[in-house]
Amino acid sequence: MKQSFLSSGKLAVGCNYWASHAGMFQWETQDPEAIERDLALLETYGLDTLRVFPLWNDFQRLDGVYNAASTCIARELRRGEEVLEEPCGGEVGLDLVRMEHFADFALRAHKHRMKLIVSLVTGWMSGRLFFPNVLIGAKLISDDRARQMEIRFVRAFVRIAREYPAIAAWEPGNECNCMESKVDCFASWNWTNAIVSAIRLEDDSRPVFSGMHSLSVDPRNPWSIAEQAELTDMLTTHPYPLFTPHCSTSAYGTMPSNLHAEAESLLYADLGGKPCFVEEINSLGPRIASPERIAAQLRSTLYGSWANDLRAVLWWCAFDLDDVPQAPYDWVALERRLGLFASDGTSTPAAENIREVKRRIDAMPFDELPPREINAVVVLSREQDQWQTALGSYHLAVKAGISVRFAWADAPLPEARLYLLPATASYYAMSKHRYEALLNKVRQGATLLVTENGGMLEPFDSIFGCHNEYRYRRPETVRFAIDGVAMQCDAPFTQRMVADTCRVLAAADDGAPIFTSAGYGRGNLLYCALPVEVQALNTPEGEFEKIYRHAAIAAGLGAELGAGWPDKPRLLGVTRHSWPGGGTAVVSIGINYSDRALTFTAPECWGRRPDCPEDEGHSPITLAPGDAAVFWAEK
């Protein structure tokens, strides 16, 4: 992988940039003075990274001229009736005036110490397609003619722009998985490979980021995590609650909404084996949440991204664009008021929080935060809703004080003392040889918790120590209690388990076991007959994390829970970080409901607070919604 300017242990902050005076039409209505004001304002708020977009049909302006012999392939490519000549004319059609506009912008960004991520094939933006006229009717991903034009455009653009020092990374484009529907995994791989290869052919000195969103866990699907990780240097997430399944089901600024960005980004990084950062994030406007709630969740995301080594957080977008008359701003209500700043430059609470969080992180007595300590693995399986399961399991793990990473059931599993196989959903959940490999880790001393959403594993009865009396496909709601706390959970099946040799940790109201434990070799097998991860997203106030805590204690992780504080508040997220030569840091984040402060007294093992010299860390601490307290022990 090319060395990225987004370094491990640090956090870059920035935004996706369209000019305040024109939005995505800035290249045709060039206003250097407006852009200069924009960049100067962004710099004063500590923003150091901008993602920018050479709108495709602005920079590759081509019309087809046809004769009677062909209605599919143009006899000649022109711009209107203008005959185009090389260089960059002819078959490429690169608009050199627009390139001068981009050069002016890049030089101004460099003056204001901004790093640029350039998203090249910007054919999709905010609900509208932008592409050269000659491609009307073409399939923009799978059509060979479109791909040829895209490659020529990318090579010509990069060949000129690679000289601009502000550019820190390239991307194939912006959410190009929206440019054509119903492509297969071969078309998405071939398109990504072609564009990334074209970039690297002209500039092998800078990394290439993905620029995609909503990637699939299953590598058989198009636009998968595995595909993008294979072909690019860094993955990206665009965690908008309205556009992401199973999100926007709780109030913005509450749990699990506060965990969306870090859960999705860690999922990509863990399964892809490449770093990932939060490339676009926003509530999607004031009709979703108040400015104060929006700012609180952003603050939580900033600290959570830093603690989880997600490298950068970029807001969408720099300015409100409520005065731009063209589509898509004319079409889409939620696209108009998404800025860190109003169109007149007035700041929002979100902008103020970016500046404050960046200042606090930069003031820490260490330059880089070591990677967080991980003590469990969440294994995602086939035929389930992997994203729903990942978000639900991450939500429960954070509440329980367990630090997890994600793994794919069809891939070799990393070593861990605790494995979580959540919400298994079919009889294809896990192939036998992978399941046997997981059971072998349990025989050698690990603990495995399986929760069920209608799935099947085999062998089961003989090793988990319980069996089904019956099971049929009718949903039911099961009521039970754990540690004296009454709960209920919806299940897609009605079933009645019978305990054989297992220990029953919780039973339904009718006495049927629903949470069991059994020894297996030197390890432990725990089973929950209910999809508690799914229920946790639907009823986040429930205490389903108690099931995860039981599994962690069975794995011998009790003293490690909550970064050494097993009794931490359930709405306090914590990560522990250790330096090889000694010394630890704990990042604690209030992932609590936005209208409540969180007060706690930290354990002595966390050390002192380096940003509060007068506080040794052992007096009561009150965290505002989404805020963080960092502790540091030198030994």
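Residues numbered from 1 in each chain as written. Predicted model: local features only at pLDDT ≥ 70, side-chain atom pairs only at ≥ 80, totals over all residues. Heavy atoms only, no water.

A. Structural detail: the pairing of strand S1 (residues 12-16). Counting buried positions along S1 gives five out of five residues, so the element sits mostly inside the fold. Strand direction decides the pairing type here: S1 and strand S12 (residues 312-316), joined by five bridges, are parallel. Its bridge partner being in S12, Cys15 is matched across the sheet by Trp315. Note that S1 and strand S2 (residues 49-52) share three bridges and pair parallel. Following the sheet pairing, Gly14 is matched in S2 by Thr49. Viewed along the sheet, the connection from S1 through helix H1 (residues 32-44) into S2 turns out right-handed. (Buried < 20%, exposed > 50% of the residue type's maximum accessible area, 1.4 Å probe, protein only. Helix = DSSP H or I, 4+ residues; strand = E, 2+ residues; numbered from the N terminus. Pairing = 2+ DSSP bridges. Right-handed = clockwise from strand over helix to strand, strands pointing away.)

B. Fine view of the pattern of salt bridges. All told, the structure shown has 36 salt bridges when counted by the stated rule. The salt bridge involving Arg51 is made with Glu280; its shortest N-O contact spans 2.7 Å. Taken together, the positions of Arg51 in strand S2 and Glu280 in strand S11 (residues 276-281) put the pair 229 residues apart, joining distant regions of the chain. Judged by its relative accessible area of 0%, Arg51 falls in the buried class. Judged by relative accessible area, which is 4%, Glu280 ranks as buried. For Arg147, the salt bridge goes to Asp144, with nearest N and O atoms at 2.5 Å. Here the residue Arg147 and the residue Asp144 both occupy positions in helix H4 (residues 144-161), the gap between them amounting to three residues, near one helical turn. (Salt bridge = Lys/Arg side-chain N within 4 Å of Asp/Glu carboxyl O.)

Bear in mind that shape data such as this cannot, by itself, settle questions of function.
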